[in-house]
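The lines below spell out each chain.
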Amino acid sequence: MEIVDLGLVPYGQAQERQLERHARVLAGQAPDTLFLLEHPPVITLGKGGGLENLHVAPEFLAARGIELVPVSRGGNITCHFPGQLVAYPVFRLDRRPGGVRSFFHDMEEVVIRALARVGVAAGRVEGRPGVWTTSGKICSMGIAVKRWVTYHGLALNVARDTALFDLITLCGLADARPTSVHTELSARAAAASDAPADPGATVFPDMQEMKHVLAQEFRAVFEPHSRVA
């Protein structure tokens, strides 16, 4: 598996990188590839729709420099922004057991393990894709598969500021609320103390640490399968 850190990348540019790598992986000219990155503010609409779950006019977004982009992944509406870790795995599924369902389950497993390593308890919710804590949704997922090679992927909220979600109904679920790694760790610190939590005293993993942990868990979960002939 090749892991590529793209830094902060506009959505369209990242999609071009995925499609270029998709063609190379499909042709056997590149290994399975994991892109790690952040996006400038953008709201995306999946194959499941989502425009009905946008709370503001497209002109409102344009005036604030927020892109609105229809995309080829599954799922409904979601958003990306700096402080959110995005992972795009371009992986061959024809060499893995279990097909798309297993792949999606394993992506959730990667995130659950990575969050546990930084002190956040999270898991699955029946009938609701992605990864959740008791407070809300911490990681959204949506993939596309073309000729048995994946693209698109997951978006893990790391930093506290998730305000962009206020402009949408998260994933089309009226009762869903966003949470993040930093929000969860702050709440845990407050619950462990009789006094109000001091944000300066809580140690938060930064984006580079989260990328490192997520990459390690991708290798742990996926690389044994990638060696299957």
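Everything here concerns the structure above.
Quantities reported herein were computed from a predicted structural model and do not represent experimental measurements.

Cut-offs used in this document
- Residues numbered from 1 in each chain as written.
- Predicted model: local features only at pLDDT ≥ 70, side-chain atom pairs only at ≥ 80, totals over all residues.
- Heavy atoms only, no water.
- Helix = DSSP H or I, 4+ residues; strand = E, 2+ residues; numbered from the N terminus.
- Rg over C-alpha atoms; globule rule 2.2 N^0.38 Å.
- Contact = heavy atoms within 4.5 Å.
- Areas by Shrake-Rupley, 256 points an atom, 1.4 Å probe, with all protein chains shown as cover.
- Expected span 1.5 Å × (residues − 1).
- Buried < 20%, exposed > 50% of the residue type's maximum accessible area, 1.4 Å probe, protein only.
- Phe/Tyr/Trp six-rings, centres within 6.5 Å; stacked < 30°, edge-to-face > 60°.
- Lys NZ or Arg CZ within 6 Å of the ring centre and 35° of its normal.
- Pairing = 2+ DSSP bridges.
- Axes fitted to C-alpha atoms, helices over the stretch in contact; angles between N-to-C directions.
- Lys, Arg positive; Asp, Glu negative; His and termini not counted.
- Salt bridge = Lys/Arg side-chain N within 4 Å of Asp/Glu carboxyl O.
- 1 Å grid on protein atoms, 1.4 Å probe; cavity = no way out; pocket = protein on both sides within 12 Å on 5 of 7 lines; lining within 4 Å.
- Points joined across faces, edges and corners; volume = space filled by probe spheres on them.
- Nonpolar A, V, L, I, M, F, W, Y, C, P; charged D, E, K, R; others polar.
- Polar contact = N/O pair within 3.5 Å; in protein donor to acceptor, adjacent residues only side chain to side chain.

Draft legend 1. Quick peek at the overall build of the protein chain. The helix and strand tally for the protein chain stands at five helices and ten strands. Scaling as 2.2 N^0.38, a compact globule of 229 residues should have a C-alpha radius of gyration of about 17 Å, and the protein chain matches this with 17 Å. Taken along its principal axes, the extent of the C-alpha atoms in the protein chain is 55 × 40 × 35 Å. Pairs at least 24 apart in sequence give 74% of the contacts found in the protein chain among residues at least 6 apart. Carbon and sulfur atoms form 53% of the exposed surface of the protein chain, whose accessible area is close to 10500 Å².

Draft legend 2. Seen up close, helix α3 (residues 99-117). With 19 residues, α3 extends 27 Å between its outermost C-alpha atoms, agreeing within 8% with the 27 Å of an ideal straight helix rising 1.5 Å per residue. For α3, the complete set of buried residues consists of G99, F103, F104, D106, M107, E108, V110, V111, I112, A114 and L115.

Draft legend 3. The arrangement of the packing of aromatic side chains in detail. Following the criterion strictly, the structure yields six aromatic pairs and no others. An angle of 80° between the planes, with centres 6.2 Å apart, marks the rings of F91 and F103 as edge-to-face. Residue F91 is located in the loop between β6 (84-90) and α3, and its partner F103 is located in helix α3; the two are separated by twelve residues in the primary sequence. When sorted by exposure, F91 lands in the same class as F103, which is buried. Ring centres of F91 and F222 lie 5.2 Å apart, and the angle between their planes is 65°; on these two criteria the pair is classed as edge-to-face. Linking F91 in the loop between β6 and α3 with F222 in helix α5 (residues 207-226), this pair joins segments that are 131 residues apart in sequence. Relative accessible area serves as the criterion here: at 2%, F222 is assigned to the buried category. Counting every residue linked through ring pairs, the aromatic cluster contains F91, F103, F218 and F222. The cationic tip of R64 hangs over the ring face of F60; the distance from NZ or CZ to the ring centre is 3.5 Å.

Draft legend 4. Summary view of the sheet that holds β6. Spatially, the seven strands line up as an open sheet ordered β1-β2-β6-β10-β9-β8-β7, and their pairing is mixed. Lying at the two open borders of the sheet, with one neighbouring strand each, are β1 (2-8) and β7 (123-125). The average angle at which neighbouring strand axes cross in this sheet is 25°, direction not considered. Sheet topology places β7 next to strand β8 (residues 128-132); two bridges connect them, and they run antiparallel. The residue bridging G123 from the neighbouring strand is W132, located in β8.

Draft legend 5. A look at the side chain of E184. Along the chain, E184 turns up in helix α4 (residues 181-191). There is no salt bridge for the buried E184, and the closest opposite charge comes from R188, which lies 8.8 Å off by N-O distance. Ignoring any residue separated from it by four or fewer positions in sequence, one finds E184 in contact with V120, T133, S135, I138 and T179.

Draft legend 6. Quick look at the layout of surface pockets. Of the pockets and cavities examined, the largest pocket occupies roughly 360 Å³. Forming the boundary of the largest pocket are 25 residues, of which G74, G75, N76, M141 and G142 lie nearest the centre. Listing elements by their share of the lining of the largest pocket, those giving two or more residues are β5 (77-80), β8, β9 (137-146) and β10 (149-157). Top contributing element to the lining of the largest pocket by residue count: β9, with five residues. Across the lining of the largest pocket, the residue classes tally to eleven nonpolar, eleven polar and three charged.

Draft legend 7. Expanded view of the pattern of salt bridges. For the coordinates displayed, the defined rule picks out eleven salt bridges. One salt bridge connects R124 with E108, and the closest N-O pair in it is separated by 2.9 Å. With R124 in strand β7 and E108 in helix α3, this residue pair connects regions lying 16 residues apart in the sequence.

Draft legend 8. Highlighting the side chain of T150. With respect to the element layout, T150 can be found in strand β10. In this structure the side chain of T150 is engaged in a polar contact, spanning 2.7 Å, whose partner is the backbone oxygen of P89. In this structure T150 touches H22, P89, V90, F91, L93, F103, A144 and V145, once residues within four positions along its chain are discounted.

All we've got here are geometric facts, nothing functional implied.
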